[in-house]
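Listed here are the chains, written in short residue letters.
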Amino acid sequence: MDNIIIRQDKYKEYEAITALHTLAFGQPAEGYLVELLRDSKAFIAELSLVAVKDGSVVGHILFSKISIRKTKDTSVEVLALSPMAVLPTLQQQGIGSLLVLEGLKRASKLPYPGVIVLGHEHYYHKFGFEPASKWGIICPYPEVEDEHWMALELKPEGLTNARGLAQYSKEFNALG
Ligand SMILES: CC(C)(COP(=O)(O)OP(=O)(O)OC[C@H]1O[C@@H](n2cnc3c(N)ncnc32)[C@H](O)[C@@H]1OP(=O)(O)O)[C@@H](O)C(=O)NCCC(=O)NCCS
């Protein structure tokens, strides 16, 4: 895909990002989630990336902190890829893939052992995601099918010690 720049988002783009999610998802929940996460402890500014074409925001991806509870007293912090959206008129052209690849590249330079995603296995397998059950990472939503609950190691053997129940930050309750 030509003329697409992937970079960290800017304050002046916040409104456009919310609008983009609302358009892509057909509902306001995900855009609202982004706004809540931005003001939360789970937010990582370097991992809120936009795809820009001709000066306009056409895609956005966010990786935020999620905790995996191993025992009553111990947990490990990983990343959650969510949400992500591309302008409907520009989907199926590789922009989403550019966002995922650049996000993973930047994430791998930070001190997180892995990434979790809840989504379509067909889409995420090509980036190396595998069922999170491989590492014993339990989805907090019991209705989610195993193949939709995926993880990827950002460091060698990064998730070996991540067995436990994933706990999204409370902002994700906005998704209902
Ligand atoms: C999910 C979403 C972000 C993907 O964005 P996208 O830009 O369409 O993603 P891509 O173009 O990288 O990939 C989509 C498909 O296009 C194909 N594709 C990629 N580059 C292509 C190109 N140059 N020409 C044609 N097709 C291409 C990919 O192979 C992929 O097909 P596949 O799923 O069969 O493998 C987008 O569809 C979206 O915003 N959906 C609504 C919101 C949503 O559901 N978000 C995900 C949950 S958080």
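Residues numbered from 1 in each chain as written. Predicted model: local features only at pLDDT ≥ 70, side-chain atom pairs only at ≥ 80, totals over all residues. Heavy atoms only, no water.

(A) Looking closely at the packing of helix α1 (residues 14-25) against helix α2 (residues 29-38). Interaxial distance between α1 and α2 falls to 7 Å at its minimum, and their mutual angle equals 145°. For the pair α1 and α2, the contacting residues are Y14, I17, T18, H21 and F25 in the first and E30, G31, V34, E35 and R38 in the second. Across the contact of α1 with α2, the residue classes break down as 4 nonpolar, 3 polar and 3 charged. (Axes fitted to C-alpha atoms, helices over the stretch in contact; angles between N-to-C directions. Helix = DSSP H or I, 4+ residues; strand = E, 2+ residues; numbered from the N terminus. Contact = heavy atoms within 4.5 Å. Nonpolar A, V, L, I, M, F, W, Y, C, P; charged D, E, K, R; others polar.)

(B) Summary view of the packing of aromatic side chains. Following the criterion strictly, the structure yields 8 aromatic pairs and no others. Judged by centre distance (5.1 Å) and plane angle (90°), the ring pair of Y123 and Y124 falls under edge-to-face. The exposure class of Y123 is partly exposed, given its relative accessible area of 23%. Here Y124 falls in the buried class, since its relative accessible area comes to 10%. Joined through ring pairs, the aromatic side chains of Y123, Y124, F127 and F129 make up one cluster. (Phe/Tyr/Trp six-rings, centres within 6.5 Å; stacked < 30°, edge-to-face > 60°. Buried < 20%, exposed > 50% of the residue type's maximum accessible area, 1.4 Å probe, protein only.)

(C) Layout of the environment of Y11. Note that Y11 resides in the loop between β1 (4-8) and α1. Separated by 117 residues in the primary sequence, Y11 and G128 place their C-alpha atoms 32 Å from one another.

(D) Examining the site of the ligand more closely. Surveying the vicinity of the ligand reveals 15 residues, the closest of which are V86, Q92, G94, G96 and S97. Within the contact set of the ligand, an oxygen atom lies 3.2 Å away from a side-chain nitrogen or oxygen of Q91. The side chain of S97 places a nitrogen or oxygen atom 2.5 Å from an oxygen atom of the ligand. Taken by itself the ligand offers 930 Å² of open surface, and the protein chains cover 63% of this. Most atoms of the ligand, that is more than half of them, are within 2 Å of grid points of the largest pocket. Elements that contribute at least two residues to the shell around the ligand include exactly α1, β4 (75-86), α3 (95-107) and α4 (121-125). A per-class count over the shell around the ligand returns 7 nonpolar, 7 polar and 1 charged. (Near = heavy atom within 4 Å. Polar contact = N/O pair within 3.5 Å; in protein donor to acceptor, adjacent residues only side chain to side chain. Areas by Shrake-Rupley, 256 points an atom, 1.4 Å probe, with all protein chains shown as cover. 1 Å grid on protein atoms, 1.4 Å probe; cavity = no way out; pocket = protein on both sides within 12 Å on 5 of 7 lines; lining within 4 Å. Sits in = over half its atoms within 2 Å of the grid points.)

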